[in-house]
Amino acid sequence: MTDFARLNVYIADSNVIITQELQDYTSTQLVSDIGGQLGLWVGISIITLAEVSQAKFSHHPTLNTVNFPTIPPRI
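The sections below set out a description of the structure shown in this document.

Quick notes on the rules
- Residues numbered from 1 in each chain as written.
- Predicted model: local features only at pLDDT ≥ 70, side-chain atom pairs only at ≥ 80, totals over all residues.
- Heavy atoms only, no water.
- Helix = DSSP H or I, 4+ residues; strand = E, 2+ residues; numbered from the N terminus.
- Areas by Shrake-Rupley, 256 points an atom, 1.4 Å probe, with all protein chains shown as cover.
- Patch = residues over 30% accessible without salt bridge, like charges linked within 9 Å, V, L, I, M, F, W, Y side chains within 5 Å.
- Salt bridge = Lys/Arg side-chain N within 4 Å of Asp/Glu carboxyl O.
- Buried < 20%, exposed > 50% of the residue type's maximum accessible area, 1.4 Å probe, protein only.

1. Overview of the overall build of the protein chain
Alright, step 1. Of the regular secondary structure elements, the protein chain holds one helix and zero strands.
Alright, step 2. Accessible area for the protein chain stands at about 8300 Å²; split by element, carbon and sulfur atoms hold 62% of it.

Given below as structure tokens:
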């Protein structure tokens, strides 16, 4: 037996490392974040439209004044 090789493998540490992969971002969080962003941007859009229409119509002479009916005092 002259043509053979010997390989000695030594385990340096007997501790076993277990690696787990977990979700950082669940589908519920994704849907929640999308809904939150949509609500934020729709709210900003509606406020912006209201401000632009108010600025546009505030210079119109007939639309600038609001006449509320007067209520007679109770006796």
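2. Considerations on a nonpolar patch on the surface
Alright, step 1. Together, Tyr25, Leu30, Ile34 and Leu38 make up an exposed nonpolar region whose accessible area comes to about 400 Å².
Alright, step 2. Position of Tyr25 among the secondary structure elements: in the segment before helix 1 (27–57).
Alright, step 3. When its relative accessible area of 45% is taken as the criterion, Tyr25 is described as partly exposed.

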